[in-house]
Amino acid sequence: MQFTRGSAVVSRSLATRSRFPAAARKHLFNRSLSTTSILREEHNAGQDVPLPKPKRFNFKTFAKVLGGATLLSIAGSLGMFIYVTQKDRHPGTQLPYDPEKKTIVILGSGWGATSLLKTLDTSEYNVVIISPKNYFLFTPLLPSVAVGTLSAKAILQPTRYLARHKARAVTVIEAEAKEIDPFNKTVTFEDDTEIKGEVSHTTIPYDYLVHAVGAEVQTFGIPGVQEKACFMKELNDAEIMQRRFKDCIESAAFPGQDDAEIDRLLHIVIVGGGPTGIEVSGEIHDFLEDDLKAWYPELAGRIRISLVEALPSVLPMFSKQLIEYTESTFKESKIDILTKTMVKEVKDRSVVLQMPDKSIQDVPCGMVVWAGGNKGRKITQDLMAKYPSAQTNRRGLVVDDHLRLAGANGSIFAIGCISCPSLEQATVTVTDPEEKAKFDSDIGTTKKLISNVKVRPFNYSHQGSLAYIGSDKAIADLPFANGNIASAGVATFLFWRSAYLSTLFSLRNRTLVANDWIITKIFGRDLSRD
Ligand code: FAD
Ligand code: NAD
């Protein structure tokens, strides 16, 4: 049954009548009369009282106000954008080098080094940064560069930019550190670039050294990996992969190519089911779906992507349901996952696989992308060798709760991609009594320093794991209360994008990345090969 608004109020008033005393009923009844025009008409029946005209919605006024407010907010945002960018481009004058202050030398310009530089109070120190790359590379978006979704410039930030914004001038040196002498507190470095000046090798002193050189690709000495596979670690790797992938497609399109050769050229093998391998597979799949199908219709359907993983499952750091979600998304995307399968050799035209049943197969392919993990750099191993009694963990540098290198008496810090067991844990592994005594004395000195200086201990806070898996889908394991929230799909992909956009270090990078995403959505990826 349908009621008008008026009848509904009347029936409600009648219903109340039976439950309330007369005075209250009168009050309620009058209230309901005054609230409805229909009842007012009944109440004033017979009298000629003009009803007030209902207010008409004035669209013109509304549009005027809305237009004005929009213009004002656009002008305000533009003004703010111009102010922030100009302030960014023209930072104020900096304090000069101060011989009275201690000098911190930072090795590296990656995640660890850049995060430190960003927060370091340079008015208290002289700072020198030494790195073979004069920029910070935003690695999470590197696979997007490999398929041309983003341009390389969008994810690079010159280290000098950050240095220029510090209170005191920071010296940035593009060079590779070759040797650390912790006893004389010096570091020796070399210009390893193509063009060198007359001086390309020198040594400088430090008061504190921050070792943040990251890791390098681990190939396990597998034949052919170093020479024939593409990597996904540095900017150059992404550019090489993009060039090689496009080369495979153009070679497959070469007139007269036979079917078997086309299938070989269009078979892309990705090694490693960690997040890097997963993200690269997802990005290649997107390139195929969004662009190659339109521009190479006769070839696109023949492109095969195989992901090879030695372990029984991909993404061991994610929860089980997210692993299953990734596997089923890859199945839909026609990406083959070969688990319990180990790459034994990379050849010019194929990859040798040890299958789960231990049989060996020579699988033809056009390109191999190696995402098989990382290991410590030579300079890190050399540094460890200088402290044989304290640096006993093969997986990485041993540091204390304050990231001070075990054995270095508080003058060397190590941050970034390294394993950090506590000093107490490390002592357990020192068995030789003489070495243990020396090591214990190191711990004593370091602990004394910590209590004297009153520095807060480093506290690792896990922000969660996020990975892009292609087809506009991402997976996320996020810490929540005492547990974890697992989320996957398109909404998580939007979260992934906004999380990384906000994590980019500068407004310039955020603008470039957002712009590239829009351009790629509208015009597609660039297919030209340089
Ligand atoms: P790096 O960031 O690698 O920095 C090392 C720096 O040292 C570099 O600037 C290098 O040029 C410099 N250097 C090297 N040798 C020398 C030398 N001899 N002397 C001086 N300087 C030297 N992690 C996440 O948490 N989330 C992600 O989404 C994520 N995505 C990733 C995607 C890809 C494709 C890759 C490759 C990694 C990703 N990572 C991600 C891992 C993350 O990049 C590393 O954990 C992080 O870079 C480690 O920081 P770091 O400072 O130790 O090393
Ligand atoms: P990884 O070490 O996480 O994974 C490498 C994988 O390759 C391993 O699963 C290993 O079993 C496999 N592998 C090694 N040799 C093999 C062989 N011969 N045959 C078959 N499989 C082989 O390496 P990664 O994915 O490059 O990640 C490196 C680091 O960077 C990790 O700490 C990771 O968490 C981080 N990372 C994080 C993200 C993210 O959070 N989205 C993305 C990329 C990298």
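Residues numbered from 1 in each chain as written. Chains lettered and ligands numbered in written order. Predicted model: local features only at pLDDT ≥ 70, side-chain atom pairs only at ≥ 80, totals over all residues. Heavy atoms only, no water.

Student: I'm lost on the packing of helix 17 (residues 490-503) against helix 18 (residues 507-523) in this one. Help?
Tutor: For any two helices packed against each other, the geometry is given by the interaxial angle and the distance between the axes. For the pair helix 17 and helix 18, the least separation of the axes is 9 Å and the interaxial angle reads 150°. Compared by their axis directions, helix 17 and helix 18 come out roughly antiparallel. With respect to the hand of their crossing, helix 17 and helix 18 are arranged in right-handed fashion. For the pair helix 17 and helix 18, contact is made by Arg-497, Leu-501 and Ser-502 and by Arg-510, Val-513, Ala-514 and Trp-517, respectively. (Axes fitted to C-alpha atoms, helices over the stretch in contact; angles between N-to-C directions. Helix = DSSP H or I, 4+ residues; strand = E, 2+ residues; numbered from the N terminus. Parallel < 35°, antiparallel > 145°, perpendicular 65-115°, else oblique. Left-handed = near helix turned anticlockwise from the far one by under 90°. Contact = heavy atoms within 4.5 Å.)

Student: Help me understand the UniProt feature "transmembrane region" (unreviewed entry) in the protein in this model?
Tutor: Here, UniProt's "transmembrane region" (unreviewed entry) annotation points to residues 62-84. Helix and strand shares over residues 62-84 are 100% and 0% respectively, and the end C-alpha atoms of the span are 33 Å apart. (UniProt positions renumbered as here; feature names shortened; annotations may be inferred.)

Student: Please explain the packing of aromatic side chains as it appears in this structure.
Tutor: Within a pair of aromatic rings, the relevant descriptors are the distance that separates the centres and the angle that separates the planes. By the definition in use, this model includes 13 aromatic pairs. An aromatic cluster is built from Trp-111, Phe-136, Phe-138, Tyr-468, Phe-493, Trp-496, Tyr-500 and Phe-505, whose rings are joined through pairwise contacts. (Phe/Tyr/Trp six-rings, centres within 6.5 Å; stacked < 30°, edge-to-face > 60°.)

Student: What's the story with the nonpolar core in this structure? I'm lost.
Tutor: Among soluble globular proteins, nonpolar side chains are generally buried collectively. Ile-155, Met-241 and Ile-284 are the most contacted members of the largest nonpolar core, which totals 64 residues. Ranked by residue count, the leading element in this core is helix 9 (residues 235-252), at seven residues. The residues touching Ile-155, leaving out its near neighbours within four places in the chain, are Phe-136, Leu-137, Phe-138, Leu-141, Leu-142, Val-145, Leu-150, Asn-509 and Val-513. Counting 41 residues, the second largest nonpolar core, distinct from the first, contains Ile-180, Val-210, Leu-397 and Leu-403. (Core = buried A, V, L, I, M, F, W, Y, C linked by side-chain atoms within 4.5 Å. Buried < 20%, exposed > 50% of the residue type's maximum accessible area, 1.4 Å probe, protein only.)

Student: What is the right way to look at the site of ligand 1 in this model?
Tutor: Around ligand 1 lies a shell of 24 residues, among which Gly-112, Thr-139, Ala-177, Cys-417 and Tyr-500 are the nearest. Between ligand 1 and Gly-110 there is a distance of 3.2 Å, counted from an oxygen atom to a backbone nitrogen or oxygen. Taking Thr-139, its side chain carries an N or O atom lying 2.6 Å from an oxygen atom of ligand 1. Protein chains shield 78% of the accessible area of ligand 1, which is 990 Å² for the free molecule. Residue assignment for the shell around ligand 1 shows that the elements contributing at least two residues are helix 5 (111-119), strand 2 (125-131) and strand 6 (176-181). Here the residues of the shell around ligand 1 are counted per class, giving twelve nonpolar, eight polar and four charged. (Near = heavy atom within 4 Å. Polar contact = N/O pair within 3.5 Å; in protein donor to acceptor, adjacent residues only side chain to side chain. Areas by Shrake-Rupley, 256 points an atom, 1.4 Å probe, with all protein chains shown as cover. Nonpolar A, V, L, I, M, F, W, Y, C, P; charged D, E, K, R; others polar.)

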